[in-house]
Amino acid sequence: MSEPVSAPRQPEAHEFMPDDYFRQVEKSEIFADERPLEVDLGCGDGSFLVEMAREHPGRSFLGVERLLGRVRKVCRKAEREGLANLKVLRLESRYTVEWLLGPASVSRLHLLCPDPWPKARHHRRRLVQRNFLEAVERVLEPGGELLFKTDHGEYFEWAEEEVAAFGRLERLDWPDDAFFYPKTDFQVQWESEGKVLQSMRLRKVE
Ligand SMILES: C[S@@+](CC[C@H](N)C(=O)[O-])C[C@H]1O[C@@H](n2cnc3c(N)ncnc32)[C@H](O)[C@@H]1O
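Residues numbered from 1 in each chain as written. Predicted model: local features only at pLDDT ≥ 70, side-chain atom pairs only at ≥ 80, totals over all residues. Heavy atoms only, no water.

To continue, consider the packing of helix H5 (residues 130-139) against helix H6 (residues 153-166). Between H5 and H6, whose axes approach to 10 Å, the crossing angle comes to 60 degrees. By the criterion of interaxial angle, the relationship of H5 to H6 is oblique. For the pair H5 and H6, the sense of crossing is right-handed. Between H5 and H6, the contacting residues are Arg130, Leu133, Glu134 and Glu137 on the first element and Glu162, Val163, Ala165 and Phe166 on the second. Across the contact of H5 with H6, the residue classes tally to four nonpolar, no polar and four charged. (Axes fitted to C-alpha atoms, helices over the stretch in contact; angles between N-to-C directions. Helix = DSSP H or I, 4+ residues; strand = E, 2+ residues; numbered from the N terminus. Parallel < 35°, antiparallel > 145°, perpendicular 65-115°, else oblique. Left-handed = near helix turned anticlockwise from the far one by under 90°. Contact = heavy atoms within 4.5 Å. Nonpolar A, V, L, I, M, F, W, Y, C, P; charged D, E, K, R; others polar.)

Of note, the phi angle at His14 is positive, near 75 degrees, even though the residue is not glycine. If you check the backbone angles, Cys113 has positive phi at about 55 degrees while not being a glycine. Within the element layout of this structure, Cys113 appears in the loop between strand E4 (106-112) and H5. Residue class for Cys113 comes out buried when judged on its relative accessible area of 14%. (Buried < 20%, exposed > 50% of the residue type's maximum accessible area, 1.4 Å probe, protein only.)

What follows covers the pairing of E4. Across the seven residues of E4, seven count as buried, placing the element largely inside the fold. Across four bridges, strand E1 (residues 37-41) lies against E4 in parallel orientation. Residue Glu38 lies in a different strand from E4, and its bridge partner there is Arg108. Sheet topology places E4 next to strand E5 (residues 140-150); six bridges connect them, and they run parallel. Bridging across to E5, Leu111 finds its partner in Phe148. Chirality of the crossover, the property in question, places the unit of E4, H5 and E5 among those that are right-handed. (Pairing = 2+ DSSP bridges. Right-handed = clockwise from strand over helix to strand, strands pointing away.)

Volume-wise, the largest pocket comes out at about 750 Å³. The wall of the largest pocket is formed by 34 residues, among which Gly42, Glu65, Cys113, Pro114 and Asp115 lie closest to the centre. Residue assignment for the lining of the largest pocket shows that the elements contributing at least two residues are E1, helix H2 (47-55), strand E2 (60-65), helix H4 (93-100), E4 and helix H7 (185-192). Looking at the lining of the largest pocket residue by residue, the classes come out as 17 nonpolar, six polar and eleven charged. Roughly 200 Å³ of internal volume is contained in the second largest pocket. Taken together, Lys149, Trp174, Pro175, Asp176, Tyr181, Lys183, Gln187, Glu191, Leu197 and Ser199 make up the lining of the second largest pocket. Here the lining of the second largest pocket is composed, by residue class, of four nonpolar, two polar and four charged. (1 Å grid on protein atoms, 1.4 Å probe; cavity = no way out; pocket = protein on both sides within 12 Å on 5 of 7 lines; lining within 4 Å. Points joined across faces, edges and corners; volume = space filled by probe spheres on them.)

Our focus in this paragraph is the packing of aromatic side chains. Considering all chains together, one arrives at seven aromatic pairs under this definition. Taken together, a centroid distance of 5.5 Å and an interplanar angle of 80 degrees make the contact between Phe148 and Tyr155 edge-to-face. For Phe148, a relative accessible area of 1% corresponds to the buried category. Residue Tyr155 is classed as buried on the basis of its relative accessible area of 0%. (Phe/Tyr/Trp six-rings, centres within 6.5 Å; stacked < 30°, edge-to-face > 60°.)

The following block contains the structure:
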């Protein structure tokens, strides 16, 4: 006897759920307008994303998060604040960048406080490495940026080496007052514990 098949989960308000996860999505399928698209990989509880969407009504923001509880939380915040320019995708970050997003579709990618995978045998799980950087370059518009922050010194050095070896993303200065850039939930928590974050701002060469 075959098992009963459960109905697919219905998307939350503000959730972007592709009809097919095995083809690239057009930017216009996520947001129907032509506003620049920013993507926050591993958006967590979404405070950063919500503040950005509030501050920049002329831009669109997509949070990517694998945990359903966090996806729902961010969707509820967007709904409460009526943020039409914020959506959340429940998916794995690497898959999203390497397979789902279309070429030259993203204006800024944010990778803030990702898991550093500190053990040597887990380093291959780190997001910042060759295949990912190639995919980043593909999805960014000309002049688009990847913004990365971590409190993990060894991961930061690793990322600097990977970026230098890749060679097709230009490193820019990123002083604190360069532009509006709210602290994330994890950043606030870690800084309160005395940890120091390092930042990298990378631009796709036109
Ligand atoms: C350390 S938290 C940082 C959250 C947020 N960026 C911040 O700074 O407050 C990492 C977040 O990324 C999510 N995450 C971790 N690995 C992921 C992956 N491979 N794909 C999507 N989300 C991921 C976790 O569930 C978590 O919400």
